[in-house]
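# Observations on chain architecture
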Amino acid sequence: MTAELLMALAPIAVLIVMGTWLKRSRFLQDSFWAQAERLGYYVLLPALFLHGLATAKLDNVPVQGMIMALVVSTVMVAVLMVGARPLIKDNDAAFTSIFQGAVRFNNYVGVSVVAGLFAPRASRCAVANAAIVPTVNILCVLVFARYGTGGKMPAGKVARQVALNPLVLACFAGIALQALGVGLPVGIEPVIKALGQASLPLGLLCVGAALELGSVRSWFRPVAYSSVVKFLIMPLMTLCACHVVGLDGKAAIAALLFQALPTASSSYIMARQLGGDAPLMAGIIASQTLLAAVALPIAVIVLIPWI
């Protein structure tokens, strides 16, 4: 498992470094990065989620048990984070980045690791995405509505933010197409797939471009907060949820793996678009990607015997 994990993490680290170099060398104009982030948030990431959820094969997977375990553990950690807000000394914008670092997951790493451990991989990955992606996006929009730089929003505006969020809309559209059994039209499916695949490298390049290495010292406490939750508390909550709903075997291991992944590159794009601390979010993404090489194998190896 460790070898598969390192192979999955390596290209992520390389793309982040490449993004940093492209920004520092001014190979691309500074105006490019804001437009790339907008393209990723409104077009490429929604395409990724829509395609993955609409085309998934769910044969021989305990769908209900996996969804319940993943949603319950994610919501429990989110409630814990919001409840602990008074204890976190960083400002509200920084808290949104800490929150995202604690609850979001890197889909690319998850698919790569599960591919190395199980065959076929697509069904378990699809269920994990169907459960976690809409849940975390709704939770993050709510947290941005309360703690983002735009200030606290009235309930009506929060509802509109959730209802019109492109990532949330894409998730529910994909789930609806999956439930109806229609998938994506033959002529459209390759286009949506290609757009979604483009979101991963572009998002990581944007993360690298946003890194402010001179601020490394200020990352330590937020990275520690988010990483302890991500690599310790979230897997423990998932293990408890698996026992409560009776989920075991490979499905439980897959759920545990997804919940112990480093945070997603899309966290940075959401932070930039919704008023979070984007430079700090970039630092958390880069730091967790490196920490995952050690933290993820330890978390999973220690907890799997308890499943």
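Computed from a predicted structure; not experimentally measured.

### Notes on the overall build of the chain
The helix and strand tally for the chain stands at 13 helices and zero strands. Here the C-alpha atoms of the chain give a radius of gyration of 18 Å, agreeing with the 19 Å that 2.2 N^0.38 yields for 307 residues. With respect to the three principal axes, the spread of C-alpha positions in the chain is 50 × 45 × 45 Å. A buried classification covers 53% of the 307 residues belonging to the chain. Considering only residue pairs separated by 6 or more positions, the chain has 85% of its internal contacts joining residues 24 or more positions apart. Accessible surface, the chain as shown: approximately 13300 Å² in total, 68% of it carbon and sulfur. Taken together, the 20 basic and 10 acidic charged side chains of the chain have centroids lying 5 Å from each other.

### A closer look at the pattern of salt bridges
Going through the model one piece at a time under the given rule, you end up with four salt bridges. Between Arg221 and Asp90 there is a salt bridge, and its shortest N-O distance comes to 3.3 Å. Of this pair, Arg221 sits in helix 10 (residues 216–245) while Asp90 sits in the loop between helix 3 (63–83) and helix 4 (92–103), and the two are 131 residues apart along the sequence. Here Arg221 falls in the partly exposed class, since its relative accessible area comes to 39%.

Thresholds, definitions, all that
Residues numbered from 1 in each chain as written. Predicted model: local features only at pLDDT ≥ 70, side-chain atom pairs only at ≥ 80, totals over all residues. Heavy atoms only, no water. Helix = DSSP H or I, 4+ residues; strand = E, 2+ residues; numbered from the N terminus. Rg over C-alpha atoms; globule rule 2.2 N^0.38 Å. Buried < 20%, exposed > 50% of the residue type's maximum accessible area, 1.4 Å probe, protein only. Contact = heavy atoms within 4.5 Å. Areas by Shrake-Rupley, 256 points an atom, 1.4 Å probe, with all protein chains shown as cover. Lys, Arg positive; Asp, Glu negative; His and termini not counted. Charge placed at Lys NZ, Arg CZ, Asp CG, Glu CD. Salt bridge = Lys/Arg side-chain N within 4 Å of Asp/Glu carboxyl O.

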